[in-house]
Amino acid sequence: MKRFNQSLGKITMTKTIIGVGAITLLFNGIGYFYLRQIIRDNILGYVTRNTKIVVERESQIFIEAEKNNEILKDRLVQEINTINPENIQRFDEIVQRREDGTIRNIPPLDTQTTPGVFLGRNVNIDNEMRDRVVKFFDNVRSYGLAWQKTFVNTYIHIPENGIVIYMPNYPWTEEAEPEKIVTTDESFQISTHENNPERDTAWTRIYYDATQNDWMVSSVTPIDNAQGQQIGNIGHDILIGELQNRTVNDAIDGTYNVIFDQKARLIVHPQLLARIEEVQNRENVTEAELDSIGNTYDLDFFLKLMDYIDPNEPINGTVQIYDRTNKEYYIVSQIEGPDWYWVTVVPQSWVGNQVFIVTRTLILVGILSLSIIILIISSLIRNDIEKPINELMYATETVAQGNLKYQMNINRRDELGHLAYLFNQMAQKLRDSFDFLAKTNEDLETRVKERTQELEEAKELAEDANQAKSSFLANMSHELRTPLNAIIGYGELLQEEAEDMGEEDFVEDLKKIQGAGKHLLGLINDILDISKIEAGKMELYLEEFQLSSVIEEIILTIQPLIEKNHNTLEVHYPENIGTMVGDVTKIRQNMFNLLSNASKFTDKGTIAMTIDKYQQEGADWIFFEVKDTGIGMTPKQQAKLFDAFSQADASTTRKYGGTGLGLTITKKFCEMMGGYIELDSEEGVGTTFTIHLPVVVQDIKKPEINVEEIINQPPAVTENHKHILIIDDDETTHDVIRGYLKNDNFTITATTDPEKGLDLVREIMPDVIILDVIMPKMDGWSVLTELKADPDLNHIPVIMATIVSDRSIGYTLGATDYITKPLNQVKLRNILNKYQSASENIVMVVDDDEGTRRMMRRLLEKENWQVIEAEDGEDGIKKIKTKIPKLILLDLMMPKIDGFQFVNILRENPAWNDIPVIIVTAKDLDEEDRQKLNSHVEDIIQKGDYDRQVLLKEMHRLISHVTLN
């Protein structure tokens, strides 16, 4: 046999990997150079599209200015050629001649509603002038008020040296100097026949306007009468300061934008903007100095672009130019109206860097893909060739040594499977010749044993029938949830591994597996919940909680389901809605049921959730309303809606699915908490569900505990004793702690303000701090973070006195923390992180289900925990004697020593008494189970109304323990 020392699998694997690797690298190399060009074009295409969109957006105000000028011009041309006698009289009602010789508005002038009028001293006032001024006044007032939100002003120049202007934020005509010659302004000069023979709308250069403290540009459209004489020109002033800032600041990282007019004057440039800011920040800067900036030129850049652009032809879309000298790309477009050129400058080095980043990523992905392909090929060769050959060799040696009963497992239909089949046939024929006589006797003995076993099993079944009936509900929970735990848990782990390996196809399949498992879990939970309710075993776990926190959690959880049918969720509740006392788990489940129903039966609609408090018969109540715009229901459908296993009708079940238990459970939960649910629905319009609950829910199964005597006890006065600082926004808590500790050696200081509490810590340096979590202004976690960050304070013990969310259930059980199956990775990690430190992190998993143990091992080892597995309670006790873990994850239902017995043994041993235990179980626990565990709770202060005496007792014991140590 030593001569046959070469492996066929390894030889085949090596040749295959070399061939596949060479071909893959060859094609990747060819694709790399082609890909670089494609990516470069895509990057420049993205910049080009962005430039086009931005230019189209910035052009809108200039296009609107030209259109508005033309609208007003058309109206004035129709009116101006005839004189209206009424306007001659109205002229004197609008203006008057002032002492300085000018004609202006009759004071006072309301610039918000009235245009200003200014006529110079030299203007001849005849009937035509009177009529023209009044017509200009009426039109500027009408159109100026309509356009005031878009433009700084609307005005009409009068060529004889006058202006009618609507400028709501500045009295221009009142501030004008008597010697003002309006027609010398650039905004008038560009409209004359000499400068504008085409009589089109013209644009000024940019200029600085001190009245607006901003840069502006003006659009001007001349008006001629029937004889061709210029009788005025219409204008708008437009602020461009924001345009300048957007152009510079909103450029794509790595590029910059430039705007200049057709005379090469710069409108926007990063350096120009810096110069403007520098001048404006100087003292005693003149308006003329600012205005001169509007005549800044860049002829070199302008002429360079004119080599590629015809200045007489408008640019349609964008033009892409490459400057080999500066190694830059220029994306050129044109702002309509003033026909300014917009240029996005894209350095070639920036484009190359972007190309490098993308191609580098693709190359790394290619290398990773090649590695995965090699691993897959290696696995296939090892499993499909090498392994079957080794199995056949082993089978041959076994038969040769005399074991004729050996049979190979045939699980394939190829040549190797056929060879295994022939081998089995050969072994079978050899075995038949030796075993014929012995078989008859063995068959008889087997029949006797089987019959005896059947009788024993029948007897055991009869004895266990009664026990099975009484424990069916709890066992059903365990047996159904345990496999679902493995399905969902392994699904999550496999999904993470598939994502790490880049197997996106597998990720979607694994998500479907998890979704199916979670859907089945929901069905099982609904069935078990309704069973527990009907059996009278469903209990309330009351606690005080912040409504806003629960609402935000509901919104975050339900949002993906809302978006699945393209719906919109609206949430309405007062900011100061405060707290309530109730079973937060059942309230949250009720809201999930109602919101999921609304999402399922609504498509592309609106779902509104409204929460608010109200008074009813002198008591405080709260309502939770869910309203949708879905398919609605008929009165017949509404009548049976809350019946178990019922939906609106059979067609609804077929189309939308579901068990029909959600609303039944919701109604039962409301009644358990002393409330009720209302329904209002109209077919084709929508449905509204409203839950009404007391703000303080009472559990009629549990007696109320009177704490009045404890609260009213005066605090004890002590000297030279241990100092305790209480930081809690509830003054009742202060009184309760003082009353309970009055006979002990403690000096107590209390405050409701967490910020003041931090000052008191530094002032009195207490021995222990009792800290609440949920407080206004600054929560307990923030206070704790600041304490531990201060080297002078981080040694002071801090006891967190709060119970939030659903953790009251876990603490009632007596464990350090509590989590239910199926396991949630994020929740489990958060709990484990509380006990993880820089020291040796050893966790023991005690569970009789091997699949669960393996899954938890994989999860924990990812989080850097060392894992000890125990297959039951007895095995766990043995292994604790060898190595004491830092934390124990414990199942309750196990053979030999179950979880309840395990906890009792653990707490009876002083060396193991302080080990934290997290209950991980699929069993639905009843009151008796909780009582078994409750006696072993340690280092926990529970804050809640349902058991105040336990709260006081635990606080006293923990405070004494911490301070004395």
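An unreviewed UniProt entry lists the chain under the name histidine kinase, from Cyanobacterium stanieri LEGE 03274. According to the UniProt record, the Catalytic activity (unreviewed entry) comment for the chain is "ATP + protein L-histidine = ADP + protein N-phospho-L-histidine."

Asks: For this particular structure, what's the right way to read the packing of helix H14 (residues 547-564) against helix H15 (residues 584-600)?
Replies: In helix packing, the relevant descriptors are the interaxial angle and the interaxial distance, both defined with respect to the helix axes. Across the interface, H14 lies against H15 with an axial gap of 10 Å and an inter-helix angle of 30°. Considered as vectors, H14 and H15 are oriented roughly parallel to each other. When the axes of H14 and H15 are compared, the crossing they make is right-handed. Each of Val 550, Glu 553, Ile 554, Thr 557, Ile 558, Leu 561 and Ile 562 in H14 lies in contact with H15, whose residues at this interface are Val 584, Arg 588, Met 591, Phe 592, Leu 595, Ser 596 and Ser 599.

Asks: Sorry if this is basic, but what is going on with the environment of Glu 544 here?
Replies: Considering the arrangement of structural elements, one finds Glu 544 in strand E15 (residues 543-546). Note: C-alpha distance between Glu 544 and Met 580 (36 residues apart in sequence) is 5.6 Å. If near-sequence neighbours (up to four positions away) are discounted, Glu 544 is found in contact with Thr 579, Met 580 and Val 581. Within the structure, Glu 544 has its side chain in polar contact with the side chain of Thr 579 (distance 3.1 Å).

Asks: Any chance you could explain a negative patch on the surface here in plain terms?
Replies: Negative charge collects at one region of the surface, where Glu 499, Asp 500, Glu 504, Asp 505, Glu 508 and Asp 509 lie side by side. Counting only elements with at least two residues in the negative patch, the list comes to helix H12 (472-501) and helix H13 (504-534). The element contributing the most residues to the negative patch is H13, with four residues. Relative to the helices and strands, Glu 508 resides in helix H13.

Asks: I would appreciate a short explanation of the sheet that holds strand E19 (residues 619-628) in the present structure.
Replies: Strand order in the open sheet formed by five strands is E16-E18-E19-E21-E20, with mixed pairing between adjacent strands. For this open sheet the edge positions go to strand E16 (568-572) and strand E20 (676-682), each flanked by a neighbour on one side alone. Between one strand and the next, the sheet's axes are offset by a mean angle of 15°, whatever the strand orientation. H14 contacts E16, strand E18 (606-616) and E19 of the sheet and is inclined by roughly 170° relative to E16.

Asks: Help me understand the nonpolar core, please; the structure alone is not making it clear to me.
Replies: As a rule of thumb, soluble globular proteins bury nonpolar side chains together. In this structure, Phe 62, Leu 119, Ile 156, Val 217, Ile 240, Ile 259 and Trp 340 are the most contacted members of the largest nonpolar core, which totals 44 residues. It is helix H3 (residues 127-147) that contributes the most residues to this core, eight residues altogether. Every residue in contact with Ile 156, bar those within four places of it in the chain, is listed here: Leu 72, Leu 76, Phe 136, Val 140, Gly 162, Ile 163, Val 164, Ile 223, Asn 233 and Ile 234. If you look at the next biggest cluster of nonpolar residues, it comprises 43 residues, including Ile 555, Leu 594, Ile 691 and Val 697.

Asks: Looking at this model, I keep getting lost on the sheet that holds strand E13 (residues 328-335). Mind explaining?
Replies: Note on sheets: strands pair through backbone hydrogen bonds, and any given pair is parallel or antiparallel. Here five strands make up an open sheet; going across it, the order is E11-E10-E14-E13-E12 and the pairing antiparallel. Two strands bound the open sheet, and with one partner strand each, they are strand E11 (266-268) and strand E12 (319-323). Neighbour to neighbour, the strand axes of the sheet diverge by 30° on average, direction disregarded.

Asks: Looking at this structure, I do not really get the pattern of salt bridges. What am I missing?
Replies: Proximity of charged atoms lets side chains of opposite charge pair with each other. Counted by the stated rule, this structure contains 28 salt bridges. A salt bridge links Lys 586 to Asp 583; the nearest nitrogen and oxygen atoms lie 3.0 Å apart. On the basis of relative accessible area, Lys 586 is assigned to the buried category, the value being 6%. Between Lys 879 and Asp 875 there is a salt bridge, with the nearest N and O atoms lying 3.3 Å from each other.

Asks: What is the right way to read the packing of aromatic side chains from this model?
Replies: In this description, an aromatic ring pair is defined by two values, namely the gap between the centres and the angle between the planes. Across all of its chains, the model carries nine aromatic pairs by this definition. Lying across the ring of Phe 669, Lys 586 places its NZ or CZ 5.4 Å from the centre.

Asks: Explain the side chain of Gln 212 to me, please; I cannot follow it from the model alone.
Replies: Its place among the elements puts Gln 212 in the loop between strand E7 (207-209) and strand E8 (214-224). Among all residues touching Gln 212, those that are not within four sequence positions of it are Val 152, Met 167, Asn 169, Tyr 170 and Leu 239.

Asks: Would you take a moment to explain H15 for this structure?
Replies: Since the α-helix advances by 3.6 residues per turn, residues separated by three or four positions end up pointing in the same direction. The first and last C-alpha atoms of H15 sit 24 Å apart over 17 residues, in line with the 24 Å expected at 1.5 Å per residue. A large share of H15 lies buried, amounting to 12 of its 17 residues. Regarding H15, the residues found buried are Val 584, Lys 586, Ile 587, Arg 588, Asn 590, Met 591, Asn 593, Leu 594, Leu 595, Asn 597, Ala 598 and Ser 599. Between a side-chain oxygen at the N-terminus of H15 and the backbone nitrogen of Thr 585 the separation is 3.2 Å; the capping residue is Asp 583.

Asks: Any chance you could explain a nonpolar patch on the surface here in plain terms?
Replies: Judged by side-chain polarity, Ile 23, Leu 26, Phe 27 and Ile 30 come together as a nonpolar surface patch covering roughly 450 Å² of accessible area. By the element assignment, Ile 23 lies in helix H1 (residues 8-80).

Asks: Explain unusual backbone geometry here, please?
Replies: With the exception of glycine, most residues fall at negative phi, and the peptide bonds are largely trans. Of note, the amide linkage connecting Pro 107 to Pro 108 takes the cis form, showing an omega dihedral of 0°. Its place among the elements puts Pro 108 in the loop between strand E2 (103-105) and strand E3 (116-119). Look at Arg 199: it is not a glycine, yet its phi comes out positive at around 60°. One can find Arg 199 in the loop between helix H5 (186-189) and strand E6 (202-203). For Arg 199, a relative accessible area of 12% puts it in the buried group. The phi torsion at Glu 617 lies on the positive side, around 55°, for a residue other than glycine. When you line up the elements, Glu 617 lands in the loop between E18 and E19. What makes Glu 617 exposed here is its relative accessible area of 82%.

Each value, and the rule that gives it
Residues numbered from 1 in each chain as written. Predicted model: local features only at pLDDT ≥ 70, side-chain atom pairs only at ≥ 80, totals over all residues. Heavy atoms only, no water. UniProt positions renumbered as here; feature names shortened; annotations may be inferred. Axes fitted to C-alpha atoms, helices over the stretch in contact; angles between N-to-C directions. Helix = DSSP H or I, 4+ residues; strand = E, 2+ residues; numbered from the N terminus. Parallel < 35°, antiparallel > 145°, perpendicular 65-115°, else oblique. Left-handed = near helix turned anticlockwise from the far one by under 90°. Contact = heavy atoms within 4.5 Å. Polar contact = N/O pair within 3.5 Å; in protein donor to acceptor, adjacent residues only side chain to side chain. Patch = residues over 30% accessible without salt bridge, like charges linked within 9 Å, V, L, I, M, F, W, Y side chains within 5 Å. Areas by Shrake-Rupley, 256 points an atom, 1.4 Å probe, with all protein chains shown as cover. Salt bridge = Lys/Arg side-chain N within 4 Å of Asp/Glu carboxyl O. Lys, Arg positive; Asp, Glu negative; His and termini not counted. Charge placed at Lys NZ, Arg CZ, Asp CG, Glu CD. Pairing = 2+ DSSP bridges. Core = buried A, V, L, I, M, F, W, Y, C linked by side-chain atoms within 4.5 Å. Buried < 20%, exposed > 50% of the residue type's maximum accessible area, 1.4 Å probe, protein only. Phe/Tyr/Trp six-rings, centres within 6.5 Å; stacked < 30°, edge-to-face > 60°. Lys NZ or Arg CZ within 6 Å of the ring centre and 35° of its normal. Expected span 1.5 Å × (residues − 1).

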